[in-house]
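# Chains, contacts and geometry: an overview
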Amino acid sequence: MSYPKELLATRSVVRPGLYAVIPPDGLVNNVLPCLTGCRTSIVCSPKMGASFVEYEVTVAPCGGTCAPFAGEDGVESFLYVVSGSVRAETAGESVVLAAGGYLFVPDGTGGLRFTNMGEEEAFVLLYKQRYVPNGKDRPHAVKGNVNEIPFRIYDEMENVRIKDLLPTDLAFDLNMHILSFEPGGCHPIVETHVQEHGAYILSGAGMYLLDERWMGIKKGDFMWFGPYVAQCAYGVGREPFAYIYSKDCNRDVII
C-alpha cells in the first residue's frame, strides 16, 4: 500500500442482518492460528448476521495450514481453488486441486489441511458452518472440479445456467453452486426465501438487487444475502456474470 492518490471511497456496503457487498480493494489481513504463509480476509461471519464463516485466502508458495481448518466438533467445511493449485488433505486422504477444484469435508473428520506446493501464489475460498444432523444420515467427503461438471439450464432460461457441486440428498445440509448469466440474462423472479447465501464473483459484471437497492457487482466482489432479503440480478457487459455461492438446504427451521 501507499499514500492514496484520490479521496478515500469504497463500494463496500454492509447492512448487518440483511446483506453485504465487499469489494477486494478494502480487504485487510486477518491472522488465523491455523494458517501460515497466507493473506486472509474474513469476508462473512456471524458478526454481520450470517450463520457461517467465509474467507478469501491468498496462499504463498509453501503456505497453507499449520493446524486443521474447521477441526471443531460439529463443523463442516469447504475449500474452493479460484486460481493456482493446492494439495488438500482430510481424514488421511490427499488430493491435488487445480483452479476450479474443490473439497467438502463433513464434520467429525478432523477438518482439512492444504498446502501450496507450486511456485506461484494460489487464491482459495474457505467456508465453514455448523452441521445440522438429519437422523442417521451422514454426509461424506466430496472432491471435484467445476470444469468437469456440465452446466444445466436454470429455470427453463437458456441464457442462465447452473452447476451443483455437492450431492442433493438429505444427508447434506449445504450445497455449493455456480450460477452464470449470459449478458442480458436474469433471474426469472425477485427471490425472497429463508435461505441465505455467500457469493464470490468469478467473472463478469452484473446489476444486483439486494433488499431495495440496485448495485453494480463485478469480478472479485463478495456478497452475503441474509434470509428473506429480496434479491435478483441481471448480467451486463461482454462476458458471463458468474459466481460461486453457498446455500443452506434440506432442513426444517429449528424453533
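Here the structure is shown first, and the text comes after it.
All of the points below concern the structure found in this document. The residue numbering used here restarts from 1 in each chain and proceeds along that chain's sequence as written. Predicted model: local features are reported for residues with pLDDT of at least 70 only, side-chain atom pairs are reported and counted for 80 or more only, and whole-chain, interface and lining totals are derived from all residues. The side-chain values count all of the structure's non-hydrogen atoms but skip hydrogen atoms and water molecules.

## Some thoughts on the side chain of Asp173
Strands here mean DSSP runs of E at least two residues long; helices mean DSSP runs of H or I at least four residues long; both are numbered from the N terminus. Considering the arrangement of structural elements, one finds Asp173 in the loop between strand E13 (157-164) and strand E14 (174-181). Only protein chains enter the accessibility calculation, which uses a 1.4 Å probe; a residue is then buried when its area is under 20% of its type maximum, exposed when over 50%, and partly exposed in between. Counted as positive: Lys and Arg. Counted as negative: Asp and Glu. His and the chain ends are not counted at all. By definition, a salt bridge exists where a carboxyl oxygen of Asp or Glu is found within 4 Å of a side-chain nitrogen of Lys or Arg. Although buried, Asp173 forms no salt bridge, and the nearest oppositely charged side chain, Arg251, lies 5.1 Å from it. Looking at Asp173, its side chain comes within polar contact range of the main-chain nitrogen of Val132, at 2.9 Å. Excluding residues within four positions of it along the chain, Asp173 makes contact with Glu76, Gln129, Arg130, Tyr131, Val132, Lys247, Asp248, Cys249 and Arg251. Under the rule applied, a polar contact is a pair of N or O atoms within 3.5 Å (in protein, one hydrogen donor and one hydrogen acceptor; residues adjacent in sequence only if both atoms are side-chain atoms). We call two residues in contact when some of their heavy atoms are within 4.5 Å.

## Some points on the packing of aromatic side chains
Any two of the Phe, Tyr and Trp rings considered here, Trp counted by its six-membered ring, make a pair once their centres fall within 6.5 Å; the pair's planes then place it as stacked at under 30 degrees, edge-to-face at over 60, or tilted in between. If you walk through the whole model with that rule in mind, you get twelve aromatic pairs. Judged by centre distance (5.4 Å) and plane angle (80°), the rings of Tyr55 and Phe69 are edge-to-face. Taken as a pair, Tyr55 in strand E4 (residues 52-65) and Phe69 in the loop between E4 and strand E5 (75-83) lie far apart in primary sequence, 14 residues in all. The pair formed by Tyr55 and Phe69 is uniform in burial state, with each residue classed as buried. Aromatic rings pair up to connect Phe181, Tyr208, Phe225, Phe241, Tyr243 and Tyr245 into one cluster.

## A few points about the sheet that holds E13
Two strands form a pair only when DSSP identifies at least two bridges running between them. Pairing is antiparallel across the open sheet formed by eight strands, whose spatial order is E1-E2-E18-E15-E20-E14-E13-E12. The open sheet has two free edges, formed respectively by strand E1 (13-15) and strand E12 (152-154), since each of these has just one partner strand. Along the sheet, successive strands turn relative to each other by an average axial angle of 25°, direction set aside. Of the strand pairs in this sheet, E1 and strand E2 (residues 19-22) are connected by three bridges, and their pairing is antiparallel. From the neighbouring strand, Val13 faces E2, where its bridge partner is Val21. Lines fitted to C-alpha atoms define the axes, with helix axes restricted to the stretch in contact, and inter-axis angles between N-to-C directions lie between 0 and 180 degrees.

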